[in-house]
Amino acid sequence: MSSVRARFRAVRDGLNAVFREREDAIECIILAALAQSHALLVGPPGTAKSALFFGFLASFTDARKFQTLVTKFGTEDEYFGPVKLSALKNDLWERNLDGRLAAVECAFLDEVFKGSDSVLNAFLSAMNERLYKGQSIPLRLLVGASNELPEEEILAAIYDRFLLRDVVEYVQADATWVQLVAAPPEYKPAAQIGLAEWDAACKDVQRLELPQRVVEELLRLRTALKADGLVLSDRRWIALTRVLKAAAWLDDVPTVELDHLSVLKYGLWNKPEDRARVVAVLQTVDRSVVAQAIDIVDEALRGYANRPTEPAAYQSALPQLADKVTEAGKRVQDMLKNGVSRRAHARIQPKLDELKKAHDALTADLSKRYALA
């Protein structure tokens, strides 16, 4: 599995390199694919929701795909195929499923909550049991997209079937936006993964252990969330253990660790206003030194990404930006001075490389500034 794992990571890293500020949405899709679940991306039009899905699927050339815009006027014929006239002549009721949702491994449903009751019920069965009209279907991954979250009670069931969810916003950092406009991203698949390898990876994920200390921490989180008014079903908690195992599998560790509980931020909220409360509870987990160091680096990198783009403002902010990046580097070095395992080092090294690039860029700009002075 080491080769397959490396390629899944390559797909993740390749997407992150091209689709900036989409790390959470990308992680949602990757984890959903490995946990045999589905992902929902919520956000306004033009936030690359479908581009992320097809970027991911570009690495699965033998996977059949289905994409459509769901509308309240759509019928099952559009999503599951027309009725076979030849079968009707023989008093049989069958659909021609080719190329439709019930005959593909991967599907993208835009405005997924807009369908009629009968269509949504058909989606529900396809997503949950992988069945259509009682027959098994090959669906591995369904990614839904919506400009808004459903409010009607009738939509609660299909909303719940999206185990992982992320809110995708427009690019926030000015520097990232400038790069986006100057050179629109062109994604090329970073690796190729076959369907058989994908299936084998999913089976390997479920072999990972869930240690007692992690189960006890899950119970503590459940209690804390209940006290804060957030109650989730037992089914969702159980399903999320597959996601934890998927995160551990990507990290190439034999068991789920406390650090991996951070991915629960994709599955523990129902309303956008709940997300901050969920993250606050997850931050109370006593995580490893490496996880804390990554948080420090991420904070420094966010500051660098949000640097002013107007030259005078950038020159004014330059010393403070350089100090923050340098200080982050020193803090991380102090935290890691006692050494970390090879696997832990592999987790943080890409972050440290990115921090060094930011540090080198700021140092070069400072040198130019003082040379001019």
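- If you check an unreviewed UniProt entry, the protein appears there as AAA family ATPase from Polyangium mundeleinium.

1. Quick notes on the overall build of the protein
- Helix and strand content of the protein: 15 helices and seven strands.
- For a compact globule of 373 residues, the expected C-alpha radius of gyration is about 21 Å, and the protein comes in at 23 Å, within 12% of that figure.
- Dimensions of the protein along its principal axes, counting C-alpha atoms only, are 85 × 50 × 40 Å.
- A total of 373 residues make up the protein; the buried ones form 45% of that total.
- Intrachain contacts of the protein at a sequence separation of at least 6 include 79% that bridge at least 24 residues.

2. Examining the packing of aromatic side chains
- According to the stated counting rule, one finds 14 aromatic pairs in the structure shown.
- With centroids separated by 5.4 Å and ring planes inclined at 65°, the aromatic side chains of Y79 and F123 adopt a geometry described as edge-to-face. Of this pair, Y79 sits in helix α4 (residues 76-80) while F123 sits in helix α6 (residues 117-128), placing them 44 residues apart in sequence. For the pair Y79 and F123, one class covers both residues: buried.
- Counting every residue linked through ring pairs, the aromatic cluster contains F8, F56, F60, W198 and W249.
- Positioned above the aromatic ring of Y304, the side-chain terminus of R307 is 4.0 Å from the ring centre.

3. Structural notes on the pairing of strand β3 (residues 106-110)
- The buried count for β3 comes to four of five residues, which makes it a mostly enclosed element.
- Relative to β3, strand β2 (residues 65-69) runs parallel, the two being bridged by five bridges. From the neighbouring strand, L69 faces β3, where its bridge partner is D110.
- Judged from the five bridges that link them, β3 and strand β6 (residues 141-146) form a sheet pairing that is parallel. Considered in β6, the bridge of L109 is made with G144.

Parameters and conventions
Residues numbered from 1 in each chain as written. Predicted model: local features only at pLDDT ≥ 70, side-chain atom pairs only at ≥ 80, totals over all residues. Heavy atoms only, no water. Helix = DSSP H or I, 4+ residues; strand = E, 2+ residues; numbered from the N terminus. Rg over C-alpha atoms; globule rule 2.2 N^0.38 Å. Buried < 20%, exposed > 50% of the residue type's maximum accessible area, 1.4 Å probe, protein only. Contact = heavy atoms within 4.5 Å. Phe/Tyr/Trp six-rings, centres within 6.5 Å; stacked < 30°, edge-to-face > 60°. Lys NZ or Arg CZ within 6 Å of the ring centre and 35° of its normal. Pairing = 2+ DSSP bridges.

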